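Residues per chain are reported as follows:
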Amino acid sequence: MKTILVTGANGLLGQKIIYGLRNKEGIRCISTGRGENRMKAKDGYIYESLDLNNSVAVIQTLEKYSPDVIINTAAMTNVDACETKKEEAWYLNVTFVENLVRICEQKKIHLVHLSTDFVFNGEKGPYVEEDIPDPLSYYAQTKLEGEKRIQNSSISWAIIRTIIIYGVVDDNSRSNVVLWTLNSLKNKKTITVINDQFRSPTLSEDLAQACIAAAMKKAKGIYHVSGREVMNILDIAYIVADFFELDSSFIKPISSKDLNQPAKHPPVTGFIISKAEKELDFRPHTFLEGLTYLKNQLKLVAGNS
Ligand SMILES: NC(=O)c1ccc[n+]([C@@H]2O[C@H](COP(=O)([O-])OP(=O)(O)OC[C@H]3O[C@@H](n4cnc5c(N)ncnc54)[C@H](OP(=O)(O)O)[C@@H]3O)[C@@H](O)[C@H]2O)c1
């Protein structure tokens, strides 16, 4: 029996990983999240409320379950908030990772850690794993520093970098570019969408499968895991409008210069995913397939509420 502990289990990726691991033969799945369990399904895994800012509680939980693998999805993920709440961002994205590495070293735990395309400056995407990072924002700096704490250690590790994740969480508490566009247009609300930044949207379930594969085989090294298509964010919004048959005239294009986001964002990212395809058997859905998947999930959520 292999014990896999997941942090950030109330988050978008965390939930999908738990759904992938629960009731899986040979796996004891420990799910940890801030506050109460917000997943609908409560069986097939153990839930522990765990605030990662509490280092004593973190040690106690890891002592209690003695995992073989930790999948660390938790992070301060709001890029603009990281610019103003720097201490908070540093603690979760760097200090906590440093503490985790120390425990993994002592207990011989394999660590699968999530990182981001934002470690790159976006001047030459799509990127391979060996490309040199050059973070533009504080969020990106903290994520890169977290990576370095892992890479410079003696533990067994995999770092999975990903790009704008989309999907539906059980309590509908989290938004992303697809849901934001969809909900705004449904409510006939005008949205300004950036027209000069390019990304590869990643279906949360696809990414979860890659994380699970990395945990199961204790994969080692950096992996780039995202959708295949590198798309203009404005086009993502237009495709969502078209797919859900909504009025796209509520979408107003804006340039990075005019939007003036608090954090600097890389213009063009996207990943070459051949390493993940080969070693993690990663087979991402196309964006249109992902939207079809998400549409069915939204119907289910609506049907259950
Ligand atoms: N989302 C993206 O587009 C994207 C793109 C590139 C990389 N990534 C990386 O992918 C990973 C997963 O992202 P995601 O979209 O799943 O993020 P998410 O939905 O924001 O989930 C992060 C989780 O971390 C939890 N968390 C934050 N502070 C905590 C604390 N002190 N104690 C315990 N839990 C805490 C949050 O809890 P609450 O639910 O209570 O807030 C949340 O459930 C992150 O490492 C992120 O950096 C994400």
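Everything below is about the structure printed above this text.
None of the values given here were measured: they were computed from a predicted structure.

Conventions adopted
- Residues numbered from 1 in each chain as written.
- Predicted model: local features only at pLDDT ≥ 70, side-chain atom pairs only at ≥ 80, totals over all residues.
- Heavy atoms only, no water.
- Salt bridge = Lys/Arg side-chain N within 4 Å of Asp/Glu carboxyl O.
- Helix = DSSP H or I, 4+ residues; strand = E, 2+ residues; numbered from the N terminus.
- Buried < 20%, exposed > 50% of the residue type's maximum accessible area, 1.4 Å probe, protein only.
- Near = heavy atom within 4 Å.
- Polar contact = N/O pair within 3.5 Å; in protein donor to acceptor, adjacent residues only side chain to side chain.
- Areas by Shrake-Rupley, 256 points an atom, 1.4 Å probe, with all protein chains shown as cover.
- Nonpolar A, V, L, I, M, F, W, Y, C, P; charged D, E, K, R; others polar.
- Axes fitted to C-alpha atoms, helices over the stretch in contact; angles between N-to-C directions.
- Parallel < 35°, antiparallel > 145°, perpendicular 65-115°, else oblique.
- Contact = heavy atoms within 4.5 Å.
- Pairing = 2+ DSSP bridges.
- Core = buried A, V, L, I, M, F, W, Y, C linked by side-chain atoms within 4.5 Å.
- Left-handed = near helix turned anticlockwise from the far one by under 90°.

## Some words on the pattern of salt bridges
Okay, step 1: Applying the stated criterion across every chain yields a total of 12 salt bridges.
Okay, step 2: Notably, a salt bridge pairs Glu205 with Lys16, separated by 3.1 Å at the nearest N-O pair. Separated by 189 residues along the polypeptide, Glu205 in helix α7 (residues 204–216) and Lys16 in helix α1 (residues 12–21) bring together distant segments of the chain.
Okay, step 3: The exposure class assigned to Lys16 is buried, which follows from its relative accessible area of 10%.
Okay, step 4: One continuous salt-bridge network, built from bridges that share partners, spans Glu98, Glu145, Lys148 and Arg149.

## Some points on the site of the ligand
Okay, step 1: The local shell around the ligand holds 25 residues, among which Arg38, Leu52, Thr77, Tyr139 and Arg174 are the closest.
Okay, step 2: At 2.9 Å from an oxygen atom of the ligand is found a side-chain nitrogen or oxygen belonging to Arg34.
Okay, step 3: The fraction of the free accessible surface of the ligand (900 Å²) that becomes covered by protein chains is 89%.
Okay, step 4: For the shell around the ligand, the elements supplying multiple residues, two or more each, are α1, β5 (110–116) and α5 (138–151).
Okay, step 5: Counting residues per element, the shell around the ligand draws most heavily on β5, at three residues.
Okay, step 6: Taken together, the residues of the shell around the ligand break down into 11 nonpolar, nine polar and five charged.

## Here's the deal with the packing of helix α4 (residues 86–107) against α5
Okay, step 1: Their axes nearest at 8 Å, the elements α4 and α5 cross at an angle of 10°. With respect to each other, α4 and α5 are oriented roughly parallel. Across the interface between the two elements, Lys86, Ala89, Trp90, Asn93, Val94, Val97, Glu98 and Val101 of α4 pack against Tyr138, Tyr139, Thr142, Lys143, Glu145, Gly146, Arg149 and Ile150 of α5.
Okay, step 2: Of the residues assigned to the contact of α4 with α5, the class counts are eight nonpolar, three polar and five charged.

## A few points about unusual backbone geometry
Okay, step 1: Following Gly125, the chain continues into Pro126 via a peptide bond in cis, with omega recorded as 0°.
Okay, step 2: Unlike most non-glycine residues, Lys218 shows phi in positive territory, near 50°.
Okay, step 3: Among the structural elements, Lys218 can be located in the loop between α7 and β11 (221–224).
Okay, step 4: Residue Asn260 is not a glycine yet carries a positive backbone phi of 55°.
Okay, step 5: Its place among the elements puts Asn260 in the loop between α9 (256–259) and α10 (274–279).

## Concerning the sheet that holds strand β2 (residues 27–33)
Okay, step 1: Taken in spatial order, the seven strands make up an open sheet running β3-β2-β1-β4-β5-β6-β11, and their pairing is parallel. In this open sheet, the two edge strands, each paired with only one partner strand, are β3 (46–49) and β11. Looking at each pair of strands side by side, their axes are set apart by 20° on average, direction ignored.
Okay, step 2: Bridging between strand β1 (residues 2–7) and β2 involves five bridges; their strand directions are parallel. Bridge pairing in β2 places Ile4 opposite Cys29.
Okay, step 3: Helix-sheet contacts for α5 involve β5, β6 (157–162) and β11, and the interaxial angle to β5 is about 155°.

## As for the nonpolar core
Okay, step 1: By size, the foremost hydrophobic cluster in this structure holds 39 residues, and its most contacted members are Ile17, Ile71, Ile160, Val225 and Leu280.
Okay, step 2: The element best represented in this core is α7, accounting for eight residues.
Okay, step 3: If sequence neighbours within four positions are ignored, Ile71 has contacts with Ile4, Leu5, Val6, Thr7, Ile17, Val112, Leu114, Cys211 and Ala215.
Okay, step 4: Grouped together as the second largest cluster of nonpolar side chains are 34 residues, Ala89, Val97, Tyr138 and Ala263 included.

## Here we look at the packing of helix α6 (residues 177–186) against helix α8 (residues 233–243)
Okay, step 1: One way to put it is that α6 packs onto α8 with a least axis distance of 9 Å and a crossing angle of 50°. Taken together, the axes of α6 and α8 are oblique relative to one another. Two packed elements cross with a definite hand, and for α6 against α8 that hand is right-handed. Two secondary-structure elements touch here, α6 through Val177, Val178, Thr181, Leu182 and Leu185 and α8 through Ile233, Ile236, Ala237, Val240 and Ala241.

Don't take any of this as a statement about function, it's just geometry.
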